[in-house]
Amino acid sequence: MARKNVAAGNWKMNTNISQGIELAQTISNAGRDKEVLVILAVPFTHIFALQKKVKTSSKVILAAQTCHHKTSGAYTGEISPTMLADMKVPYVVLGHSERREYNHENNSLLAAKLRAALDAGLKVIFCCGESLEIRKAGTHISYVKTQLTESLFQLDAQEMKNIVIAYEPIWAIGTGETASPVQAQDMHAAIRDMLRKKYGKRVADNTSILYGGSVKGSNAKELFGQADVDGGLVGGASLNGQEFVQIINSF
Ligand code: PEP
């Protein structure tokens, strides 16, 4: 996938189905100032209804918020990547800090999930990012490098076409505290440099890297204006249709 402007909404465990349909319709019906890939990471329970009721075309596409690392079996309550592919869901989010924290997803499990997702034909928004403690210690870049090295960098250059990276400092998620545009740009440039060293210039130049962490209508323009910030993964503000449309039109 060539590098694109991407606005991805992460609804987490929010909305009922009718609220989800209304929200997705507001987003898909809104005018666009520029070419933007809009991805909505919705609860599993909403996927079928949204596919039926909302024009999920090139204007808005869907993502799941996680998937299992096996294709089938005795894993009660889990959803496999092949099930998502069967439902024609194009993207899955992997490595979100909430999954890492509450579901104990570590780098090696995420490597297995990435492998399974790509083998099923899904594209992946892969999240990384450091805690406040690590940021204060000044080791955030090497921490993110380890996250990527131990999971994402098992993929080959060809497979990286199916990856969007989301840098999400944990201290900025749902806290109202946003990384400054300079902090975001510094990390994004460092990630692009890691991609260049691992895969070469072509992959580095073509991989979209999103910023996530309290992106709002009021700060999106400045964040998205940074050279290496290709868009956002947005939690709270993606639940407000008008605000998310404002974010989509901030490129
Ligand atoms: C997220 O959940 O990925 C996120 C960035 O949340 P928020 O925008 O609410 O900080």
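Shown above is the structure to which this text applies.
About the cut-offs
Residues numbered from 1 in each chain as written. Predicted model: local features only at pLDDT ≥ 70, side-chain atom pairs only at ≥ 80, totals over all residues. Heavy atoms only, no water. Phe/Tyr/Trp six-rings, centres within 6.5 Å; stacked < 30°, edge-to-face > 60°. Helix = DSSP H or I, 4+ residues; strand = E, 2+ residues; numbered from the N terminus. Buried < 20%, exposed > 50% of the residue type's maximum accessible area, 1.4 Å probe, protein only. Pairing = 2+ DSSP bridges. Right-handed = clockwise from strand over helix to strand, strands pointing away. Salt bridge = Lys/Arg side-chain N within 4 Å of Asp/Glu carboxyl O.

(A) Seen up close, the packing of aromatic side chains. Inspection of the entire model under this criterion finds three aromatic pairs. Aromatic pair Phe153 and Tyr199: ring centres 5.7 Å apart, planes at 90°, arrangement edge-to-face. With Phe153 in the loop between α7 (140–150) and β6 (163–167) and Tyr199 in helix α8 (residues 181–199), this residue pair connects regions lying 46 residues apart in the sequence. The pair formed by Phe153 and Tyr199 is uniform in burial state, with each residue classed as buried. Where Phe224 meets Phe251, the ring centres are 4.6 Å apart and the plane angle is 20°; that geometry is what we call stacked. Taken together, the residues Phe224 in helix α10 (residues 220–224) and Phe251 in the segment after α11 (241–248) connect sequence positions 27 residues apart.

(B) Expanded view of the pairing of strand β1 (residues 6–10). Taking burial as the measure, the five residues of β1 include five buried ones, the bulk of the element. Burial along β1 is two-sided: the residues Val6, Ala8 and Asn10 and Ala7 and Gly9 are all buried. Both β1 and strand β2 (residues 37–41) contribute to a ladder of five bridges, which runs parallel. Across the sheet, the residue bridging to Ala8 is Ile39, located in β2. Remark: the β1/helix α1 (residues 17–29)/β2 crossover connection has right-handed handedness. Taken together, the four bridges between β1 and strand β8 (residues 231–234) define a ladder with parallel strand orientation. Considered in β8, the bridge of Val6 is made with Gly231.

(C) Fine view of unusual backbone geometry. A positive phi is found at Thr15, a non-glycine position, where the angle reads about 80°. Relative to the assigned elements, Thr15 resides in the loop between β1 and α1. One non-glycine residue, Ser214, lies in positive phi territory at about 55°. Considering the arrangement of structural elements, one finds Ser214 in the loop between β7 (209–212) and α10.

(D) A look at the pattern of salt bridges. For the coordinates displayed, the defined rule picks out 13 salt bridges. When the shortest N-O distance is used, the salt bridge between Asp119 and Arg115 registers 3.1 Å. You can see Asp119 and its partner Arg115 sitting in helix α5 (residues 107–119), four residues apart, about one turn around the helix. For Asp119, a relative accessible area of 58% gives the class exposed. The class for Arg115 is partly exposed, based on a relative accessible area of 25%.

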